[in-house]
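Below, each chain spelled out in residue letters.
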Amino acid sequence: MTASYLLDATDTELDRLPDNVDSSIITLVDLWYDAFAQAGSETIPSRTILRAERLRQWRDDICLYEYLPVKNDFLVRIDAPSIVALNGESFQGSTPREIDLKYGTCLMAALHKTLKTKRPTFHYVHLIGPHGNRRQWLRVLMPAQTVDHLGDPVFQVLGVRFEYEPMHYI
C-alpha cells in the first residue's frame, strides 16, 4: 500500500440530501425508497428489486460493498469505473479500511451505520491534497441484500459519489 497523499480529509454526515443536488441523485435515492416499498416484509430492498437494469443510469458511478459478518468488515466487490478513473486506482477486492487509511475518510464507519439504520445515508466528503488541491463530493450509501448459494442473506451497500460543492460551508 502506498502512503496517503492527503493532508486533510473530512466526512460530514448529513441528515438528508441537500437541496441543491442534481436531479439524478434525487432520482437514485427515490428509486431506493421505491424498492424499499416493494420489499414488503424484508427490512431492506433485495438486489432482485435493485437489479442492474434498474440501476443502469448510474452503472459507472456505483460501488458495491459486501458485508463479511465473520470479519465484521466489508469487501469492495465493485469499484465504480468513474471513481477508478478519477483516482487512477481501483480498490476492488480490498476493504474500505484501506480506503480510509489512504484517504483519511470514514467510509467503514459510514457503511456500518448504513446497514444498522437500514436506510440511505448521506455524507459530504472534502479532501485537501498535498498541493492544496481540493476535492469535494456527496457520498450516498444505500443498503441492499441478496442471498448466497445456500439461500442465506448477504448484506450489501450500494455507494455512489458525486461531485458536490455545498451552498454553505458544512
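Quick caveat: nothing in here was measured; it's all calculated off a predicted structure.

About the thresholds
Within any chain, residue numbers begin from 1 and follow the written order of that chain's sequence. Totals for whole chains, interfaces and linings use all residues, but because this is a predicted model, local features are given only for residues with pLDDT of at least 70 and pairs of side-chain atoms are given and counted only at 80 or more. The side-chain numbers reported here are obtained from all heavy atoms of the structure, hydrogens and water having been left aside. Secondary structure elements are defined from DSSP: runs of H or I of at least 4 residues count as helices, runs of E of at least 2 residues count as strands, and each element is numbered from the N terminus. The globule rule is 2.2 Å times the number of residues to the power 0.38, and the radius of gyration it is compared with is taken over C-alpha atoms. Here a residue-residue contact requires only that any non-hydrogen atoms of the pair lie within 4.5 Å. A fitted line through C-alpha atoms serves as each axis, taken over the contacting stretch for helices, and the angle formed by two N-to-C directions is quoted from 0 to 180°. Orientation labels follow simple angle bins: below 35 degrees gives roughly parallel, above 145 gives roughly antiparallel, 65 to 115 gives roughly perpendicular, and whatever is left gives oblique. Three classes are used: nonpolar for Ala, Val, Leu, Ile, Met, Phe, Trp, Tyr, Cys and Pro, charged for Asp, Glu, Lys and Arg, and polar for all others, with Gly counted as polar. In this analysis, the protein atoms alone were mapped onto a 1 Å grid. Cavities are point sets where a 1.4 Å probe fits without being able to get out; pockets are open sets with protein on both sides within 12 Å along at least five of seven lines; lining residues have an atom within 4 Å of a point. Grid points are joined across faces, edges and corners, and a volume is the space filled by probe spheres set on the points. Take the buried Ala, Val, Leu, Ile, Met, Phe, Trp, Tyr and Cys residues and link them wherever side-chain atoms come within 4.5 Å; each set so joined is a nonpolar core. Working definition: with a 1.4 Å probe on protein chains only, accessible area under 20% of the residue-type maximum means buried, over 50% means exposed, and in between means partly exposed.

1. A word on the overall build of the protein
Helix and strand content of the protein: four helices and six strands. Shown N-terminal to C-terminal, the secondary structure of the protein runs as helices and strands in the order β-α-β-β-α-α-α-β-β-β. Here the C-alpha atoms of the protein give a radius of gyration of 16 Å, agreeing with the 15 Å that 2.2 N^0.38 yields for 170 residues. A principal-axis box enclosing the C-alpha atoms of the protein has dimensions of 50 × 35 × 25 Å. Nonlocal contacts in the protein, meaning residues at least 24 apart in sequence, comprise 55% of its contacts between residues at least 6 apart.

2. Points about the packing of helix H3 (residues 96-103) against helix H4 (residues 107-117)
In contact at an axis separation of 7 Å, H3 and H4 are set at 140 degrees when each is read in the N-to-C sense. What the angle tells us is that H3 and H4 run oblique. Contacts from Pro96, Arg97, Ile99 and Asp100 of H3 reach H4 at Leu107, Met108 and Leu111. Considered class by class, the residues forming the contact of H3 with H4 number five nonpolar, no polar and two charged.

3. Overview of the layout of surface pockets
By volume, the largest pocket amounts to about 260 Å³. As for the largest pocket, its lining consists of Asp61, Ser82, Ile83, Leu86, Arg135, Gln136, Trp137, Arg161, Phe162, Glu163, Tyr164 and Glu165. Every element with two or more residues in the lining of the largest pocket is listed here: helix H2 (81-87), strand S5 (134-147) and strand S6 (153-163). In terms of residue class, the lining of the largest pocket is made up of five nonpolar, two polar and five charged.

4. Let's talk about the nonpolar core
Counting 26 residues, the largest nonpolar core has Leu50, Leu138 and Val140 as its most contacted members. For this core, the elements supplying multiple residues, two or more each, are helix H1 (23-38), strand S2 (62-68), strand S4 (121-128), S5 and S6. Broken down by element, the residue count for this core peaks at six residues, all from H1. With near-sequence residues (within four places) excluded, Leu138 lies in contact with Leu14, Leu17, Pro18, Val21, Ile25, His123, Val160, Arg161, Phe162 and Tyr164. In terms of nonpolar packing, the next biggest core, distinct from the first, is built from 20 residues, Ala110, Val125, Leu141 and Val157 among them.

5. Observations concerning the environment of Thr105
Along the chain, the position of Thr105 falls in the loop between H3 and H4. With a relative accessible area of 10%, Thr105 lands in the buried category. Setting aside its immediate chain neighbours within four residues, Thr105 contacts Asp11, Ile99, Asp100, Val125 and Leu127.

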